[in-house]
Amino acid sequence: EISAAYDAVSAEFLTLISKAAANIHDFHSKQLENSWFTSEKEGVFLGQLIRPIETVGIYVPGGTAALASSVLMSAIPAGVAGVKEIIMCTPPQPDGMVTPEILVAAHEAGVGVIFKIGGAQAIAAMAYGTDAVQKVDKICGPGNIYVTTAKRMVYGACDIDMVAGPSEIAIVADDTANASFVAADMLSQAEHDILSSAVLFTNSEKLAQEVSDELGKQIQQISRQEIAEQSIDKWGAIYVTANIEEAIELANTMAPEHLEVCTVDPFSKLSLIRNAGAIFLGNYSSEPLGDYFAGPNHILPTGGAARFFSPLSVCDFLKRSSVISYNESALAKEKDDICAFAMLEGLDAHANAIKIRFEDVDK
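Values in this document were obtained by computation on a predicted structure and should not be read as measured data.

Cut-offs and rules
Residues numbered from 1 in each chain as written. Predicted model: local features only at pLDDT ≥ 70, side-chain atom pairs only at ≥ 80, totals over all residues. Heavy atoms only, no water. Helix = DSSP H or I, 4+ residues; strand = E, 2+ residues; numbered from the N terminus. Buried < 20%, exposed > 50% of the residue type's maximum accessible area, 1.4 Å probe, protein only. Areas by Shrake-Rupley, 256 points an atom, 1.4 Å probe, with all protein chains shown as cover. Lys, Arg positive; Asp, Glu negative; His and termini not counted. Charge placed at Lys NZ, Arg CZ, Asp CG, Glu CD. Pairing = 2+ DSSP bridges. Contact = heavy atoms within 4.5 Å. Axes fitted to C-alpha atoms, helices over the stretch in contact; angles between N-to-C directions. Parallel < 35°, antiparallel > 145°, perpendicular 65-115°, else oblique. Left-handed = near helix turned anticlockwise from the far one by under 90°. Nonpolar A, V, L, I, M, F, W, Y, C, P; charged D, E, K, R; others polar. Patch = residues over 30% accessible without salt bridge, like charges linked within 9 Å, V, L, I, M, F, W, Y side chains within 5 Å. Salt bridge = Lys/Arg side-chain N within 4 Å of Asp/Glu carboxyl O.

Check the secondary structure of the protein chain and you find 14 helices and 13 strands. With the C-alpha coordinates of the protein chain rotated into their principal frame, the extents come out at 90 × 55 × 35 Å. Within the protein chain, the proportion of its 363 residues that are buried is 44%. For the protein chain, the accessible area works out to roughly 18500 Å², and carbon and sulfur atoms hold 54% of it. The positive charge centre, built from 24 side chains, and the negative charge centre, built from 47, are 8 Å apart in the protein chain.

Structure follows, in structure tokens:
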């Protein structure tokens, strides 16, 4: 089927996948961590050992929008981290076949095994294992509310990337921004889902009105018009603020998945931004650039989680083990303090584990 999928997709798609994969790989290669060790004190050896997770499961939704890009964003960082085995679950189409673009993307990204399983049952299979599906250490990838709820439920049996909600975009713009650009970028997220949110924060009443007008025009021209209309109607907003600093502070409070800064000098505003999954600076750094091609990961925190969570990265597929080694003389210097600390907490067996090593010496 994988071979047939290559025959089914266009040459243009193969070129796009290759280019995007290279950019994603290059960006994530810079995130690799190294083990480190130190022996600054005599007789003491400390360190941190970095090891990759051994097995990762990727979930890829089917449906009308088969997200080949999500395959790349999940599998490539895992591969860069050194994950030994990457498996994938994705629901088949009505004819029993997997979307060709999904199969090609998975093969290009280094997925080793592919199962035709969708929904919550796919998450359960990867989390707990079956006769056919290997139990994994971590599950990544987007899905509908059933998949997302299943991921939340299996957390603990394995790790998950994050609990992701509907897509979001916030745009901070001044009167130098192009209203048609801003409206188009808002709609790029509104077309995802009726629960997606697109919000503009601007200090320009003129821009606010122009963007509102542009939204009305452009929404008539997109294929997912009905979805976008419901999204904009229920979850879209335009806020006019006293100044750009106030606009940025409102964006920080929202902590959006995607944040665009379309101002006269966007780089000067970067230091003011505290909470955002991905930050796009300038009028030509449109959000879809990050979805597909630039290289940074598009699996991002939503629902305000950017206040405390980060984009998926190579680090999410690495484990860190502390390394501790004291020789006798080094422990002797610290034993009284360790025992005192243990006794303060009422844990005399902890203290005894240290004392017993020096009974003969103390006598």
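Back to the text.
It is worth spelling out the pairing of strand 11 (residues 258-262) at this point. With 5 of 5 residues buried, strand 11 lies mostly within the body of the structure. Residues of strand 11 alternate between two faces, with His258, Glu260 and Cys262 on one and Leu259 and Val261 on the opposite face, all of them buried. Relative to strand 11, strand 8 (residues 168-173) runs parallel, the two being bridged by 5 bridges. Bridging from a neighbouring strand, Ala173 pairs with Cys262 of strand 11. Where strand 11 and strand 12 (residues 278-281) come together, 4 bridges link them in parallel fashion. Bridge pairing links Leu259 to Ile279 in strand 12.

Another point: the sheet that holds strand 6 (residues 138-140). On the basis of which strands lie adjacent, the open sheet formed by 5 strands has the order 5-4-3-6-7 and parallel pairing. Each having just a single partner strand, strand 5 (113-115) and strand 7 (159-160) make up the two edges of the open sheet. Where strand 3 (residues 55-59) lies against strand 4 (residues 85-89), 5 bridges are found, and the strand directions are parallel. Residue pairing across strands places Gly57 opposite Ile87, the latter belonging to strand 4. Relative to strand 4, helix 3 (residues 68-81) is tilted by about 165°, and along the sheet it contacts strand 3, strand 4 and strand 6.

Within the secondary structure, Ala340 is located in helix 12 (residues 328-344). A residue is classified by how much of its surface remains accessible, and Ala340, at 41% relative accessible area, is partly exposed. Sequence spacing of Ala340 and Val211 is 129 residues, and the spatial spacing of their C-alpha atoms is 66 Å.

Glancing now at the packing of helix 5 (residues 119-128) against helix 6 (residues 145-154). Close contact between helix 5 and helix 6 brings their axes to 8 Å; oriented N to C, the two are set at 25°. Considering the angle they form, helix 5 stands roughly parallel to helix 6. When you trace helix 5 past helix 6, the crossing you get is right-handed. Across the interface between the two elements, Gly119, Ala120, Ile123, Ala127 and Tyr128 from helix 5 touch Tyr146, Val147, Ala150, Lys151, Met153 and Val154 from helix 6. Its residues placed into classes, the contact of helix 5 with helix 6 shows 9 nonpolar, 1 polar and 1 charged.

Once that is clear, we can look at a nonpolar patch on the surface. Taken together, Leu16, Leu289, Tyr292 and Phe293 make up a surface patch of nonpolar side chains, about 370 Å² in accessible area. Residue class for Leu16 comes out partly exposed when judged on its relative accessible area of 43%.

So, about unusual backbone geometry. Even without being a glycine, Ala255 presents a positive backbone phi close to 50°. With respect to the helices, strands and loops of the structure, Ala255 is situated in the loop between helix 10 (244-254) and strand 11. Its relative accessible area of 0% is what places Ala255 among the buried residues.

Right, let's get into the sheet that holds strand 2 (residues 44-52). Strand order across the open sheet formed by 3 strands is 1-2-13, with antiparallel pairing between neighbours. In this open sheet, the two edge strands, each paired with only one partner strand, are strand 1 (36-38) and strand 13 (318-326). If you compare each strand with its neighbour and ignore which way they point, the axes differ by 10° on average. When strand 2 meets strand 13, the two strands line up antiparallel, connected through 9 bridges. Note on strand 13: the bridge partner recorded for Phe45 is Ser325.

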